[in-house]
Amino acid sequence: MADFKEHSQANEEELVTMDQMLDAYPPLEVGDTVQGEVLTIEDNQAIVGISGRGVEGVIPYKELSAKPFDDIKEVINVGDVVDLVVIKQIKDKENGSFLLSKRRLDAKKVWKDIQEKYDNNEYIEAPVKEVVKGGLVVDVGVRGFVPASMVEEYFVEDFSSYKGKTMTFKIVELEPSENRLILSHKAVVEAEKETMREEVMSNLAEGDTLEGTVARLTNFGAFIDLGGVDGLVHISQIAHEHVNNPGDVLTIGEKVTVKVLSVDKERGRVSLSIKDTLPGPWELVEEKAAVDSVLTGTVKRLTSFGAFVEVFPGVEGLVHISQISHQHIATPHEVLEEGQEIEVKVLDVKPEEHRLSLSIKALQAQKEEEASSETVEEYTGSYEDESDSSFTLGDVLGEQLKDLQDNE
């Protein structure tokens, strides 16, 4: 009887121990997350001891990491304790009881991080791993795709130089269940430009003088890049003189100094002037067009009282009708026409009033005097003898008059 009791008591203790063991090592299910210590690495796979379960598992090569790697030791080593997810149970337990994955758990964490960045409108940085038809493949822990139209603001014909380049991207679309992640670098560039534009606009003020770059030319003016903001220089504000075509004066990429005429922050428009940064056409005009100097100019306008002649870009002087010709004329149109190039003499200069008085007649009289002087010199010179003696015109006329008197 005593033996029976002792045997029953022993069986009960054995059953308790088994129950404790079962409680200590609950069964593993597919999808469970566990920790495992790497026991050995062989045949491009890792054998791990599953912590607290009393069993071993195996991590196949393709389940080691979500990121590309060349050497298995780049991602895992003997003694590492890593988080794993159970993929399935292995019936052939030679290399472990369960098939495990580190990659899937890593990817799950990566997707969680990407989702947080997307929700917070944050950018991510990632290297370009491949150039494929239609865009770029990047590595963010999971595969990301950048469509060709989302790489840059401008058209890119050849993306080969992008391979290996680390770039900043905006998350456009993500769907972890489909392993779908769409990114855009173009959106980052556009956002940066918009931020820069707002900053430049907020600092611009009427009257400011600054440097810019000619970005575009049109038939009505030039757009100048001020560092994120394009301002317009109307064709009338390019130079003091008349400009027919902005391309005749400016070239794309050229650095220019401009003055801010107006800023419309609501509409994002900036009006500029190059002309206002240049010396005025009437500056130093007293030196360039001194009284009695002779200038070459172009007849710009004809009126009933005279002709306006441009002698320097932006500087016009008046030839009054009385100063056009020694002969009487009823209208300047009788002897002049618009566009004609003529020589004029400066009679008077008043820079402060932007007035310049010119004469054609005075120059003609001067030329006639010079011509007459040349004739007299030529006539006088003909009476030189071999001894280098010369006679004046008075001497010659005096001798002729004496001969006439003697004949009488």
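As the structure is a computational prediction, the values presented were derived from the model and not from experiment.

K.L.:
Would you take a moment to explain the overall build of the chain for this structure?
P.N.:
From N to C terminus, the chain includes six helices and 20 strands. Within the span of the chain, comprising 408 residues, buried residues form 34% of the whole. Considering only residue pairs separated by 6 or more positions, the chain has 55% of its internal contacts joining residues 24 or more positions apart. Here the chain displays about 25,700 Å² of accessible surface, and carbon together with sulfur accounts for 47% of that area.

K.L.:
Any chance you could explain the sheet that holds strand E18 (residues 315–320) here in plain terms?
P.N.:
Strand-to-strand pairing in sheets goes through backbone hydrogen bonds, with the strands running parallel or antiparallel. Strands sit in the order E16-E17-E18-E20-E19 around a closed barrel of five strands; the barrel is mixed. Within the sheet, the average angular offset between the axes of one strand and its neighbour, ignoring direction, is 50 degrees. Sheet topology note: the strand E16 (residues 294–303)/strand E19 (residues 341–350) ladder contains five bridges and is antiparallel. Across the sheet, the residue bridging to Thr-298 is Glu-341, located in E19.

K.L.:
So what exactly am I meant to see when it comes to the packing of aromatic side chains here?
P.N.:
Inspection of the entire model under this criterion finds four aromatic pairs. Seen in terms of ring centroids, Phe-220 and Phe-223 are 6.2 Å apart; in terms of plane orientation they differ by 85 degrees. Their pairing is edge-to-face. Seen from their ring centres, Phe-305 and Phe-308 are 6.1 Å apart, and the 85 degrees between their planes marks the pair as edge-to-face. In this structure Phe-305 comes out as partly exposed when scored by relative accessible area, which is 37%. Take Phe-308: its relative accessible area is 17%, and that puts it in the buried class. The lysine or arginine in question, Arg-216, covers the ring of Phe-223, its NZ or CZ lying 4.1 Å from the ring centre. The residue whose ring lies beneath Lys-288 is Phe-312, and the NZ or CZ to ring-centre distance is 5.0 Å.

K.L.:
I would appreciate a short explanation of the nonpolar core in the present structure.
P.N.:
Inside soluble globular proteins, nonpolar side chains tend to come together where they are buried. In this structure, Val-311, Val-344, Leu-356 and Leu-358 are the most contacted members of the largest nonpolar core, which totals 23 residues. When neighbours within four sequence positions are excluded, Leu-358 is seen to be in contact with Val-309, Val-311, Gly-317, Leu-318, Val-319, His-320, Gln-323, Val-344, Lys-345, Val-346 and Leu-347. In terms of nonpolar packing, the next biggest core, distinct from the first, is built from 22 residues, Val-128, Val-151, Tyr-162 and Leu-181 among them.

K.L.:
Is there a simple way to think about unusual backbone geometry in this case?
P.N.:
Its identity as a non-glycine residue notwithstanding, Asn-44 has a phi of 60 degrees, on the positive side. Phi is positive for Asn-179, which is not a glycine, with a value near 55 degrees. Tracing the backbone shows Asn-179 in the loop between strand E9 (166–175) and strand E10 (180–184). According to the relative accessible area criterion, Asn-179 is partly exposed, its value standing at 44%.

K.L.:
Got a minute to help me understand the sheet that holds strand E2 (residues 45–50) in this structure?
P.N.:
With mixed pairing, the five strands of this closed barrel are ordered in space as E1-E2-E3-E5-E4. Each neighbouring strand pair of the sheet contributes to a mean axis angle of 50 degrees, computed without reference to strand direction. Pairing between E2 and strand E3 (residues 55–59): five bridges, direction antiparallel. Following the sheet pairing, Val-48 is matched in E3 by Gly-57. Along the sheet, helix H2 (residues 103–119) contacts strand E1 (33–42), strand E4 (81–89) and strand E5 (98–101); its crossing angle with E4, the most-contacted strand, is approximately 115 degrees.

K.L.:
Is there a simple way to think about H2 in this case?
P.N.:
Every α-helix winds through 3.6 residues per turn, so residues three or four apart in the chain are directed the same way. In this model H2 runs 24 Å from its N-terminal to its C-terminal C-alpha over 17 residues, within 8% of the 24 Å that 1.5 Å per residue would give. Every buried residue of H2 is accounted for by Leu-105, Ala-107, Val-110, Trp-111 and Ile-114. Each element contacted by the buried residues of H2 is listed here: E1, E4, E5, E9 and E10. Once H2 finishes, Asn-121 follows within two positions and takes phi at roughly 55 degrees, a positive value.

K.L.:
Even after reading the chapter, I still don't get helix H3 (residues 186–203), so can you show me in this structure?
P.N.:
Spanning 18 residues, H3 covers 26 Å between terminal C-alpha atoms, matching the ideal 26 Å at 1.5 Å per step. Among all positions of H3, only Val-188, Val-189, Val-200 and Met-201 are buried. Buried residues along H3 sit in contact with strand E6 (123–132), E9, E10, strand E14 (255–264) and strand E15 (269–273).

K.L.:
Just to check I follow, could you spell out the pairing of E1 for this structure?
P.N.:
Sheet faces and side chains relate simply in a regular strand, where the side chains alternate between the two faces. Two elements, E1 and E4, share five bridges in a ladder whose sense is antiparallel. In the strand pairing of E4, Gly-36 is matched with Val-82. Across six bridges, the pairing between E1 and E2 is antiparallel. Across the sheet, residue Glu-42 finds its bridge partner in E2, namely Gln-45. Counted between consecutive antiparallel strands, the loop separating E1 from E2 contains two residues, among which Asp-43 sits at a positive phi close to 55 degrees.

K.L.:
What's the story with the pattern of salt bridges in this structure? I'm lost.
P.N.:
Pairs may arise between side chains of opposite charge once their charged atoms sit close together. For the coordinates displayed, the defined rule picks out 12 salt bridges. In this structure, Glu-153 and Lys-193 form a salt bridge, with 2.9 Å as the shortest nitrogen-oxygen distance. Of this pair, Glu-153 sits in the loop between strand E8 (143–147) and E9 while Lys-193 sits in helix H3, placing them 40 residues apart in sequence. The exposure class of Glu-153 is partly exposed, given its relative accessible area of 36%. Using a relative accessible area of 46% as the deciding quantity, one classes Lys-193 as partly exposed.

About the thresholds
- Residues numbered from 1 in each chain as written.
- Predicted model: local features only at pLDDT ≥ 70, side-chain atom pairs only at ≥ 80, totals over all residues.
- Heavy atoms only, no water.
- Helix = DSSP H or I, 4+ residues; strand = E, 2+ residues; numbered from the N terminus.
- Buried < 20%, exposed > 50% of the residue type's maximum accessible area, 1.4 Å probe, protein only.
- Contact = heavy atoms within 4.5 Å.
- Areas by Shrake-Rupley, 256 points an atom, 1.4 Å probe, with all protein chains shown as cover.
- Pairing = 2+ DSSP bridges.
- Axes fitted to C-alpha atoms, helices over the stretch in contact; angles between N-to-C directions.
- Phe/Tyr/Trp six-rings, centres within 6.5 Å; stacked < 30°, edge-to-face > 60°.
- Lys NZ or Arg CZ within 6 Å of the ring centre and 35° of its normal.
- Core = buried A, V, L, I, M, F, W, Y, C linked by side-chain atoms within 4.5 Å.
- Expected span 1.5 Å × (residues − 1).
- Salt bridge = Lys/Arg side-chain N within 4 Å of Asp/Glu carboxyl O.

Treat this as a map of the structure, not an account of what it does.
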